[in-house]
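# Structure at a glance
For reference, the chains in residue letters:
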Amino acid sequence: GDSVTQMEGPVTLSEEAFLTINCTYTATGYPSLFWYVQYPGEGLQLLLKATKADDKGSNKGFEATYRKETTSFHLEKGSVQVSDSAVYFCALSGGGRRALTFGSGTRLQVQP
Amino acid sequence: NAGVTQTPKFQVLKTGQSMTLQCAQDMNHEYMSWYRQDPGMGLRLIHYSVGAGITDQGEVPNGYNVSRSTTEDFPLRLLSAAPSQTSVYFCASNAPGQGGNTQYFGPGTRLTVL
């Protein structure tokens, strides 16, 4: 079945540091890929998405590129802020299903 | 639009009690789903519905029932709560044709079973 693997956290960075959170997936066909963010005490919000190979999703300074050859969708940001502290989830949907398969989440802590 | 709403926000139950977690959306979305979130495990699909009157099981359906009598509402019922059902529950919805199956999540219900 489908699966998503993302790097374990917590990831602790200083403000303005470069961020990478790795995400790889296993799926049949051509899934859509997502990054969701969960701020403390809140539900999940869509951060960005990509629906086909080589697409780049971007939002709020975050970027991720759909790499089919490496089955990856790594999240990057050039300069993180304290307000980016949250849990980040990589997810996919595919095979005609609208349900999402999630990774285990990566907690990011940004220190001033 | 209120989006996806869930009630209650917090609930404590004793083992064996029953309860219903409410979920409603005002976006006229056909597809709705329930997930549970446990530490270190991400979110796992419990049940989903592709429209009124149609439901199906997800990855972890045991101990939960659902029904979908209207487009707006998708309640999740725990018939006999167990400590293993202590979790945070999220309801989500999306509409057909939305590129890449973007789902909208409610704020969650934190359930503790003693």
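Above this note sits the structure.
Residues numbered from 1 in each chain as written. Chains lettered and ligands numbered in written order. Predicted model: local features only at pLDDT ≥ 70, side-chain atom pairs only at ≥ 80, totals over all residues. Heavy atoms only, no water.

### Focus: the sheet that holds strand E8 (residues 76-78) of chain B
All names here are of chain B.
- An order of E1-E3-E8-E7 is seen for the 4 strands of this open sheet, with the pairing classed as antiparallel. Among the strands making up the open sheet, the edge pair consists of strand E1 (4-7) and strand E7 (64-66). Adjacent strand axes in the sheet meet at a mean angle of 20° when their direction is disregarded.
- Sheet analysis places E7 next to E8, joined by 3 bridges and oriented antiparallel. The partner of Val66 across the bridge, within E8, is Leu76. (Pairing = 2+ DSSP bridges. Helix = DSSP H or I, 4+ residues; strand = E, 2+ residues; numbered from the N terminus. Axes fitted to C-alpha atoms, helices over the stretch in contact; angles between N-to-C directions.)

### Quick look at the layout of surface pockets
- Considered as a void within the structure, the largest pocket measures approximately 800 Å³ in volume.
- The wall of the largest pocket is formed by 35 residues, among which Gln38 and Arg107 of chain A together with Gln37, Val88 and Arg110 of chain B lie closest to the centre.
- Contributions of two or more residues to the lining of the largest pocket are made by strand E10 (86-93) and strand E12 (106-111) of chain A together with strand E9 (87-94) and strand E11 (109-113) of chain B.
- In this structure, the second largest pocket occupies an estimated 170 Å³ of space.
- Considering the residues around the second largest pocket, the lining is formed by 11 residues, among which Leu100 and Thr101 of chain A together with Arg44, Leu45 and Glu59 of chain B are closest to the centre.
- Counting only elements with at least two residues in the lining of the second largest pocket, the list comes to strand E11 (101-102) of chain A together with strand E5 (43-51) of chain B. (1 Å grid on protein atoms, 1.4 Å probe; cavity = no way out; pocket = protein on both sides within 12 Å on 5 of 7 lines; lining within 4 Å. Points joined across faces, edges and corners; volume = space filled by probe spheres on them.)

### Focus on the interface of chain B and chain A
- Taken residue by residue, the interface counts 21 residues in chain B and 19 residues in chain A.
- Across the chain B to chain A interface the summed buried area is about 1500 Å²; carbon plus sulfur atoms make up 54%.
- The interface formed by chain B and chain A includes 0 salt bridges.
- At the boundary of chain B with chain A, the tally comes to 4 residue pairs in polar contact (both at pLDDT 80 or more).
- Those elements that provide at least two residues to the side of chain B that touches chain A are strand E4 (31-37), E5 and E9 of chain B.
- Looking at the side of chain B that touches chain A residue by residue, the classes come out as 10 nonpolar, 10 polar and 1 charged. (Contact = heavy atoms within 4.5 Å. Buried area = accessible area lost by both parts, 1.4 Å probe. Salt bridge = Lys/Arg side-chain N within 4 Å of Asp/Glu carboxyl O. Polar contact = N/O pair within 3.5 Å; in protein donor to acceptor, adjacent residues only side chain to side chain. Nonpolar A, V, L, I, M, F, W, Y, C, P; charged D, E, K, R; others polar.)

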